[in-house]
Amino acid sequence: MASTEMPLLYSYWRSSCSWRVRIALNLKEIPYDIKPISLIKGGGEQHCNDYREVNPMEQVPSLQIDGHTIVESLNIMHYLEETRPQRSLMPSDVYKRAKVREICEVIQSGIQPLQNLVVLIYVGEEKKKEWAQHWINRGLRAVEKLLTTCAGKYCVGDDITLADCCLIPQVFNARRFHVDLRPFPIILRIDRELENHPAFRAAHPSCQPDCPPEAK
């Protein structure tokens, strides 16, 4: 199914959802180009007419691949897993696959949207840090508890999975909002394990073409 045309990822350097997909692409060694979409420039390039044609939700990431446009980060990662099963990011065991999906869902549904840029703008400058800390703490407590039943070297066993692709960007966001991560020792251990992994490092916001110089 793989096309000869280079996949194109619409991405924002600090978007944790874009970061998840960058990690998955890197782990699977899929070459791709990046089209930066600034979420803040001019009120947000994701709201322009051209990009709305790419992604009706006016969000990143979007991936153009195999002649298709795929949106929503978990959907994109599952598409990559199903079309390019080499270097699999899902376990073969059915229960372990469920655990991977479970952790991904808690992060992508129960944490990330509640501290997303559009929500924080609505909450307002005065309350946004308190709001973000509350929801990140609540979600990470759940993730830490889940990890006690399934973590090995990584989130689920000793192989890197989609759960790790989701967790590491969320830990970065937690630090951005000065969340105390000491109550989450398993999460911290996995984060340390992966911080220097080449695929994760290459996907890091500071390594993106649209990362501002002051953030590198």
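Residues numbered from 1 in each chain as written. Predicted model: local features only at pLDDT ≥ 70, side-chain atom pairs only at ≥ 80, totals over all residues. Heavy atoms only, no water.

**Student:** Report on the side chain of threonine 161, specifying residues and quantitative values.
**Tutor:** Tracing the backbone shows threonine 161 in the loop between α6 (128-150) and α7 (162-176). Threonine 161 sits in the buried class, given a relative accessible area of 2%. Not counting chain neighbours up to four residues away, the residues in contact with threonine 161 comprise Leu89, Pro91, Val100 and Val156. (Helix = DSSP H or I, 4+ residues; strand = E, 2+ residues; numbered from the N terminus. Buried < 20%, exposed > 50% of the residue type's maximum accessible area, 1.4 Å probe, protein only. Contact = heavy atoms within 4.5 Å.)

**Student:** How would you sum up a nonpolar patch on the surface? Please name residues and give values.
**Tutor:** Together, Ile40, Leu117 and Ile121 line one region of the surface with nonpolar side chains, adding up to about 300 Å² of accessible area. Structurally, the position occupied by isoleucine 40 is in the loop between β2 (33-36) and α2 (49-54). The exposed category is assigned to isoleucine 40, whose relative accessible area is 56%. (Patch = residues over 30% accessible without salt bridge, like charges linked within 9 Å, V, L, I, M, F, W, Y side chains within 5 Å. Areas by Shrake-Rupley, 256 points an atom, 1.4 Å probe, with all protein chains shown as cover. Salt bridge = Lys/Arg side-chain N within 4 Å of Asp/Glu carboxyl O.)

**Student:** Now, about the environment of glutamine 133: what can you tell me, with residues and values included?
**Tutor:** Mapped onto the fold, glutamine 133 is located in helix α6. A relative accessible area of 22% places glutamine 133 in the partly exposed class. Setting aside chain neighbours within four positions, we find glutamine 133 in contact with Phe177, His178 and Val179.

**Student:** If you had to explain the packing of helix α4 (residues 94-110) against α7 to someone new, which residues and values would you point to?
**Tutor:** Geometry of a packed helix pair, given as the angle between the helix axes and the separation of the axes. Running from amino to carboxyl end, α4 crosses α7 at an angle of 25 degrees, the nearest separation of the two axes being 8 Å. As judged from the angle between their axes, α4 and α7 are roughly parallel. By crossing handedness, the relation of α4 to α7 is classed as left-handed. In this structure, α4 uses Val100, Ile103, Cys104 and Ile107 to contact α7, whose residues at the interface are Leu162, Ala163, Cys166, Leu167 and Gln170. Residues of the contact of α4 with α7, tallied by class, amount to eight nonpolar, one polar and no charged. (Axes fitted to C-alpha atoms, helices over the stretch in contact; angles between N-to-C directions. Parallel < 35°, antiparallel > 145°, perpendicular 65-115°, else oblique. Left-handed = near helix turned anticlockwise from the far one by under 90°. Nonpolar A, V, L, I, M, F, W, Y, C, P; charged D, E, K, R; others polar.)

**Student:** Run through the nonpolar core, naming residues and quoting values.
**Tutor:** Residues Ile103 and Leu147 are the most contacted members of the largest nonpolar core, which totals 56 residues. When residues of this core are assigned to their parent elements, the largest contribution, eight residues, is made by α7. Core analysis: the second largest hydrophobic core is formed by nine residues, Tyr10, Trp13, Leu39 and Val60 among them. (Core = buried A, V, L, I, M, F, W, Y, C linked by side-chain atoms within 4.5 Å.)

**Student:** So, the pattern of salt bridges: which residues are in play, and what are the values?
**Tutor:** Tallied over the full model, the rule gives 10 salt bridges. When the shortest N-O distance is used, the salt bridge between lysine 128 and glutamate 125 registers 3.4 Å. By relative accessible area, glutamate 125 is classed as exposed at 63%. Among the ionic pairs, aspartate 180 bridges to arginine 182, the shortest N-O distance being 3.0 Å. For aspartate 180, a relative accessible area of 36% corresponds to the partly exposed category.

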